[in-house]
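Analysis of the macromolecular model
Here is what each chain is made of, one letter per residue.
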Amino acid sequence: MLLRGGVVEKTGEVLLSRVLAERVGWCADLVSAMTARLLAEHWNNADMTLLAGGVDAGERRLPSQAWMALRRLGWTAGAPQGIRVNDRIVRMAQEQAGRQLRSAIWRAELTAGVVATWPADPGKRTAEEWEQVREAIPAGRHLPSNVIKSRSRQIATFLRAYGRLPADVCELEGVQSVARMLVLAACDRQQATLERSASDPRRALLRLQLPTRPDPRSYADWTWVACPIILPPTVPADAVLHLPTLRVLGGGVRAELAFSHAVPQARRAGHAVAVGVDWGLNTLLSAGAARLHRDGRIIALGAGAQFRAAGVLAKQHRLRRHGEHLHTKTDRYQRLLDGRAPDPALPDRQAVLAEESRRLSTRRSHLNDALAWAAARWTVDQAIAARATVIYLEDLRSLEARGMGRTLNTRLSQQVRGQIADHIRHLAAEVGIAVVTVPATNTSRHCPRCLTSLRHVKAPDKPAMAGWKWAICPNPVCGWQGDRDQGAWQRIAARGLTHQAKTVTDRASQQLVIRSVTDVLEARAVITPPTTQTRRTDRSKTGPTRHRTPRPAPRRRRAPSPTRPTGRAGQRPEGPAPTDRPRLPRAAHRHQDGTTISTPTQRHQPRGAALGAGFHLHAHATPPRWEPIPDPSSDTGSPS
C-alpha cells in the first residue's frame, strides 16, 4: 500500500507524500547504518554457529524475536556519535540484522557441505558424489538438486579467482548489503501504533515517530506523524492488523501490511476431489479435477484447463536479454575506468546505464510478481469451482534446466514457479484447501489410464510447430491420446489421491509433501475412462435429411397495426414499406422466386431461393402484418 501523506500531531502540519518519504528515508538511513555495523561485527562463522545453537551462555533457549535473541547474546548496536535515537530504533536495527544472520545460517551449512564433498568435476557429479553431498548437508536428502548446483557454480567461480576453496560462507559471499526499510514489527506503542477505524473498516490510522532532520540531536527532533491508510478489499473486516514494514520506493512510502484472521483447517488426508497441476514452458500451468470414488475408481472431471502466458513470458525474456546487454556495457565501462587514462565522460555514462539497469530490474520484478499472483489465483479458482479440498502440485525438484540448449535452459531456470507455488499456498489457506507436493516422476511419460509408456509426436492440429506436445498410448486396448500436459495433470491428481495417506509435513518448510511413490499404490493411480464415449468414426450421410419445421421470424409488435390512413399523415405501420407507396416492394414479400439471388456456385447451393424462402437458407424477411403468414406445415417454407 502507498502512504499518500501524513499529519504532524503536535502542530497539525500536513505532510505531502514527498515530505513523508523524505522523513521515513532519514529514519531508514539511521536504521540501515546501525544494521550494517552490527552485521560487520558478527559476520563470521563462530557467531553464526552461536546464533544457530538456539541457546545463550546460560543454556537458556533464545527467543524467537531476532532483536531479543541478539540482546540475550549481548550483541548491541549504538547510534553514531551525536545522534539521539530511542531504544525502538535500535530494536529495528537488531531485528533486521538478526533476520539476515539467521537466513545466512542455512547457506553456511549448505556451503560447508558442498566444500567438504567437493568433486573432481563439479559440473558432472556421479551418483556416489550426489549421495555424499546430500549426506553432508542437513536435510539434504530432500533438497532440490538445482540449489546444490548453483552453490557449486558459485564456489567454482571463487576457486578460479583465488585458486582455493572458500573457508566458509562469510568468505564466499562477504558482508551482505542492508535494505532501507523500517521493520515496525519490532516496536511497541512508544514508537508506532496501528488502529482500525470504528466507523469504516476499510480505513486505518498508522502513528509513528519520525525525525524532523537527517541527524536528530535530541528527542525534540522526533515527532509523531499520523498516516491514514486505505485498506485493500483483500483485507477482511474482522482481520487483526499488525504493524507494517515501510520502504521508500520511487519517491513514495510503501507499507507492507500483515494481518491475521481465522481460516478453515486444511485436511492432510481424506480427500475425494482433487486438482492436479502440471508445470510447462509456454503453457505455464495445466490443471484439472479428479474424483476418487469409494470403490477406488478415479474419474477425471472434465478435460481440464490451461494457463497460457506465452506473451508475458516472451516479454520477460526480452527484458532479461536487455538487462544482460546493459550489464555487459556497464562491465566494459568499468574496465575502461580501471585503465590508465580513462575518459572523463565514462563515469556519467556508467551512472546512466546503472540507473537504466535498476529500472529494468524493477520492471522484471513487477512483471514476475503479477504473473505469479495471476497464475496462483487461477489455480485456486479452479479448485474452488470444482469443490476440491486439495491441490496436488508437481515437485519442483525434478524441473531442472539441462540438456535443452542455452536459451531454453535459461528460460526454464528463470521462471517464477517457486513464487507461484508460494502464492498458491497463501491463497488456498484462506479457503481451507490443502496444497500438497507430489513426486513428478514419469507424469508425462506414462499413460494416465493404463500406465503404458506413451509415444510423443507433433500435435495433429499444429504439425508445423516444433516439439512433441501430443501423446499417444500404444496399448491397443487403451488407445488414449491427447495433449501431454493434460495427461500429466491427470497422473498427478491420481497419484496424489492414491498416496494421500503418505502425506507428511516437512519440518523445514512446514509444507505438506508426499516424498515417495510405492508400486502398490501407483498401480491404482489410473484414471478410469467414462462408461459412455462418443466415437465419431463415420459421419458420412446415409439417408435424406430429416425435415424440420421452419420457424417464422419473430414479430415486432404484439398489437395489430393500425388501419392505413388515406393521406400521408398518420402513424406509420410496421415493416420496411413506406406509407406513401401504393404497393409493397418485392423485398417485403416472403414468397420470392429464384431470380432474386445470384447464380449459385459450387461451394454454396442456396436452394432456399428456388423454394421461395429468400436469399439464404436461414435468412428470412419479416412479412408485414397485413400479408398472410404462410402455414409452417406447407411445402413453401425453407427446408432446414
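What you see is a predicted model, and the numbers here were worked out from it, not measured in a lab.

When its secondary structure is counted, the protein chain shows 14 helices and 19 strands. Expressed as a percentage of its 640 residues, the buried residues of the protein chain come to 39%. Put simply, 63% of the contacts in the protein chain that link residues at least 6 apart link residues at least 24 apart. Counting only carbon and sulfur atoms, one obtains 52% of the accessible surface of the protein chain, whose full area is about 36700 Å².

Strands pair in a sheet through their backbones, by hydrogen bonds, and they do so in one of two ways: parallel or antiparallel. Strands sit in the order β15-β16-β17 across an open sheet of three strands; the sheet is antiparallel. The sheet terminates laterally at β15 (455–457) and β17 (481–483), the two strands that pair on one side only. Strand-to-strand twist across the sheet, computed as the mean angle between neighbouring axes with direction ignored, equals 25°. Direction of pairing for β15 relative to strand β16 (residues 470–472): antiparallel, over a ladder of three bridges. Of the residues in β16, the one forming a bridge with Arg-455 is Ile-472. Contacting β15, β16 and β17, helix α12 (residues 484–498) runs over the sheet at an angle of about 95° to β17.

Our next topic: the environment of Gln-490. Structurally, the position occupied by Gln-490 is in helix α12. Taking C-alpha positions, Gln-490 is 8.3 Å from Val-526, a pair spaced 36 residues apart along the chain. Excluding residues within four positions of it along the chain, Gln-490 makes contact with Pro-448 and Ile-527.

This structure, assessed with the given rule, holds 26 salt bridges. Note that Asp-215 and Arg-217 form a salt bridge whose closest N and O atoms lie 3.2 Å from each other. Through salt bridges with shared partners, a single ionic network connects Arg-71, Asp-87, Arg-88, Arg-91 and Asp-188.

There is a patch of nonpolar side chains on the surface, built from Val-7, Val-14 and Leu-16 and spanning about 270 Å² of accessible area. Within the element layout of this structure, Val-7 appears in strand β2 (residues 5–8).

The subject of this paragraph is the nonpolar core. Core analysis: the biggest nonpolar cluster contains 57 residues, and Leu-3, Met-48, Leu-182, Leu-184, Leu-206 and Leu-246 have the highest contact counts within it. Here this core takes 11 residues from helix α1 (residues 17–42), the largest share from any one element. With residues up to four places along the chain from it excluded, the contact list for Leu-182 reads Val-24, Cys-27, Ala-28, Val-31, Met-92, Pro-244, Thr-245 and Leu-246. Counting 29 residues, the second largest nonpolar core, distinct from the first, contains Val-275, Leu-284, Val-416 and Ile-433.

With five bridges joining them, strand β5 (residues 192–196) and strand β6 (residues 203–211) adopt antiparallel strand pairing. Opposite Glu-195, over in β6, you have Leu-205 as the bridge partner.

Okay, the packing of aromatic side chains next. As enumerated under the stated definition, the model contains two aromatic pairs in all. When the centroid spacing of 4.5 Å and the interplanar angle of 35° are considered together, the rings of Phe-158 and Tyr-162 count as tilted. In this pair, Phe-158 and Tyr-162 are both assigned in helix α6 (residues 145–162), four residues apart and thus about one turn of the helix distant. Positioned above the aromatic ring of Tyr-219 is the side chain of Arg-84, whose terminal nitrogen or guanidinium carbon lies 5.3 Å from the ring centre. The ring of Trp-224 has Arg-207 lying over it, and the distance from NZ or CZ to the ring centre is 4.4 Å.

Here α6 spans 26 Å end to end across 18 residues, near enough to the 26 Å set by a 1.5 Å rise per residue. Burial in α6 covers these residues: Ser-145, Ile-148, Arg-151, Ser-152, Ile-155, Ala-156 and Phe-158. The arc that holds every buried residue of α6, seen down its axis, measures 160°, which confines them to one face. Across α6 from its buried face, at more than 90 degrees, point the exposed residues Arg-153, Arg-160 and Ala-161. Close packing links the buried residues of α6 with α4 (87–116), α5 (127–136) and α7 (169–173). At the exit of α6 stands Gly-163, carrying a positive phi of roughly 75°.

A word on the side chain of Thr-245. One can find Thr-245 in strand β8 (residues 240–249). When neighbours within four sequence positions are excluded, Thr-245 is seen to be in contact with Met-181, Leu-182, Val-183, Arg-254, Ala-255 and Glu-256.

The next point concerns a positive patch on the surface. Taken together, the side chains of Lys-315, Arg-318, Arg-321 and Arg-363 present a region of like positive charge at the surface. The leading source of residues in the positive patch is helix α8 (residues 310–337), at three residues. Considering the arrangement of structural elements, one finds Lys-315 in helix α8. Given the relative accessible area of 36%, Lys-315 is considered partly exposed.

Further remarks concern the sheet that holds β6. Here five strands make up an open sheet; going across it, the order is β3-β2-β7-β6-β5 and the pairing antiparallel. Both edges of this open sheet fall to β3 (14–16) and β5, since each of them pairs with a single strand only. On average, each strand axis in the sheet is tilted by 25° relative to the strand beside it, whichever way the strands run.

Looking at the second largest pocket, its volume works out to about 1000 Å³. Contributing to the lining of the second largest pocket are 22 residues, with Met-1, Arg-254, Ala-255, Glu-256 and Asp-369 lying nearest its centre. At the level of secondary structure, the elements contributing two or more residues to the lining of the second largest pocket comprise β8, β9 (252–260), α9 (346–385) and α11 (417–430). Partitioned by chemical class, the residues of the lining of the second largest pocket number 10 nonpolar, six polar and six charged.

The next thing to look at is the environment of Ser-453. In this fold, Ser-453 is placed in the loop between β14 (434–438) and β15. Taking the relative accessible area as the measure of exposure, Ser-453 reaches 37% and is therefore partly exposed. Spatially, the C-alpha atom of Ser-453 lies 8.9 Å from that of Asn-475, the residues being 22 residues apart in sequence. When residues no more than four places from it in sequence are discounted, the contact partners of Ser-453 are Arg-445, His-446 and Pro-474.

Now for the side chain of Thr-443. Relative to the helices and strands, Thr-443 resides in the loop between β14 and β15. Within the local environment of Thr-443, its side chain forms a polar contact with the backbone oxygen of Ala-440, the two atoms lying 3.3 Å apart. Here Thr-443 is in contact with Glu-394, Gly-487, Ala-488, Arg-491, Ile-492 and Arg-495, once residues within four sequence places are set aside.

When two helices pack together, their arrangement is captured by the angle between the axes and the distance separating the axes. Direction vectors running N to C along helix α2 (residues 45–53) and α4 enclose 100°, while the axes themselves pass 9 Å from each other. Comparing their axes, α4 and α2 come out roughly perpendicular. Residues Met-48, Leu-51 and Ala-52 of α2 form the contact with α4, whose participating residues are Gly-98, Leu-101, Arg-102, Ala-104, Ile-105 and Ala-108. Considering only residue class, the contact of α2 with α4 consists of seven nonpolar, one polar and one charged.

What counts, and at which threshold
Residues numbered from 1 in each chain as written. Predicted model: local features only at pLDDT ≥ 70, side-chain atom pairs only at ≥ 80, totals over all residues. Heavy atoms only, no water. Helix = DSSP H or I, 4+ residues; strand = E, 2+ residues; numbered from the N terminus. Buried < 20%, exposed > 50% of the residue type's maximum accessible area, 1.4 Å probe, protein only. Contact = heavy atoms within 4.5 Å. Areas by Shrake-Rupley, 256 points an atom, 1.4 Å probe, with all protein chains shown as cover. Pairing = 2+ DSSP bridges. Axes fitted to C-alpha atoms, helices over the stretch in contact; angles between N-to-C directions. Salt bridge = Lys/Arg side-chain N within 4 Å of Asp/Glu carboxyl O. Patch = residues over 30% accessible without salt bridge, like charges linked within 9 Å, V, L, I, M, F, W, Y side chains within 5 Å. Core = buried A, V, L, I, M, F, W, Y, C linked by side-chain atoms within 4.5 Å. Phe/Tyr/Trp six-rings, centres within 6.5 Å; stacked < 30°, edge-to-face > 60°. Lys NZ or Arg CZ within 6 Å of the ring centre and 35° of its normal. Expected span 1.5 Å × (residues − 1). Arc of directions from axis to C-beta. Lys, Arg positive; Asp, Glu negative; His and termini not counted. Charge placed at Lys NZ, Arg CZ, Asp CG, Glu CD. 1 Å grid on protein atoms, 1.4 Å probe; cavity = no way out; pocket = protein on both sides within 12 Å on 5 of 7 lines; lining within 4 Å. Points joined across faces, edges and corners; volume = space filled by probe spheres on them. Nonpolar A, V, L, I, M, F, W, Y, C, P; charged D, E, K, R; others polar. Polar contact = N/O pair within 3.5 Å; in protein donor to acceptor, adjacent residues only side chain to side chain. Parallel < 35°, antiparallel > 145°, perpendicular 65-115°, else oblique.

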